[in-house]
Amino acid sequence: GVHNCCKSCTMGIEKAVTGAAATAAVDGTTVTITAKSSSDAKKAAEALVAAGYYGEGATAPEVKDAKVKSATVSGVHLCCGKCVTAVEKAVKAVAGASSHTAEKGSESFTVEGDFSTKELADALNKAGLAGTIR
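Residues numbered from 1 in each chain as written. Predicted model: local features only at pLDDT ≥ 70, side-chain atom pairs only at ≥ 80, totals over all residues. Heavy atoms only, no water.

Undergrad: Help me understand the side chain of Ser106 in this model?
TA: Within the secondary structure, Ser106 is located in the loop between strand 4 (97–100) and strand 5 (108–116). Under the relative-accessibility criterion, Ser106 is labelled buried at 17%. Polar side-chain contacts of Ser106 include one of 2.8 Å to the backbone oxygen of Glu103. Not counting chain neighbours up to four residues away, the residues in contact with Ser106 comprise Val76 and Leu78. (Helix = DSSP H or I, 4+ residues; strand = E, 2+ residues; numbered from the N terminus. Buried < 20%, exposed > 50% of the residue type's maximum accessible area, 1.4 Å probe, protein only. Polar contact = N/O pair within 3.5 Å; in protein donor to acceptor, adjacent residues only side chain to side chain. Contact = heavy atoms within 4.5 Å.)

Okay, here's the thing in structure tokens:
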């Protein structure tokens, strides 16, 4: 379930995992992490999430659930238009979220509306993306 829409995404996944002393076998949206120890594998999964990706088996960043009118999301992997489209689909799935400012290459973006931060985080994670919501 890891977001992987292009070669740049694949390279970002591999870079995050190898930077944590592990290897990543990427097959579509499946990332298999191989490491010398379970703690190294956990660090590699954490590095993957820190790079803006998310998938089953990873620990998502904690989100304080709050009903908000605006939230800033940072750290989501946004290398191309397909990444932005994935964010757009995730935002549309959140009840009350009405718009976003995500753009290719952005380090952060804003979501507007009247929505739950937990629902936003869950929608991004379901899309294979991770980020910090404030």
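Undergrad: Where do I start with the nonpolar core in this structure?
TA: What tends to happen in soluble globular proteins is that the nonpolar side chains get buried as a cluster. By size, the foremost hydrophobic cluster in this structure holds 35 residues, and its most contacted members are Val87 and Leu120. Counting only elements with at least two residues in this core, the list comes to helix 1 (7–18), helix 2 (38–50), strand 3 (67–74), helix 3 (81–92), strand 5 and helix 4 (117–126). At 6 residues, the largest contribution of residues to this core is made by helix 3. Once residues lying within four places of it in the same chain are set aside, the contact partners of Leu120 are Val73, Val91, Val94, Val111, Phe115 and Ile133. (Core = buried A, V, L, I, M, F, W, Y, C linked by side-chain atoms within 4.5 Å.)

Undergrad: Please clarify how the environment of Cys79 should be interpreted in this entry.
TA: With respect to the element layout, Cys79 can be found in the loop between strand 3 and helix 3. Here Cys79 falls in the partly exposed class, since its relative accessible area comes to 23%. Along the chain, Cys79 and Cys6 lie 73 residues apart, while their C-alpha atoms are 8.8 Å from each other.

Undergrad: Could you clarify how one ought to interpret unusual backbone geometry in this entry?
TA: Leave glycine aside and you will find that most residues have negative phi; peptide bonds, for their part, are mostly trans. Its identity as a non-glycine residue notwithstanding, Ala21 has a phi of 60°, on the positive side. Inspection of the secondary structure assignment puts Ala21 in the loop between helix 1 and strand 1 (23–27).

Undergrad: Please clarify how the state of the cysteines should be interpreted in this entry.
TA: One covalent bond between the sulfur atoms of two cysteine residues makes up a disulfide. For the structure on display, the rule yields 0 disulfides. Cys83 provides the cysteine sulfur closest to Cys9, a residue in no disulfide bond, and the two sulfurs are 3.5 Å apart. Overall, the relative accessible area of 0% leaves Cys9 in the buried class. No disulfide involves Cys79; its nearest neighbouring cysteine sulfur is the one of Cys6, lying 3.5 Å away. (Disulfide = S-S within 2.5 Å.)

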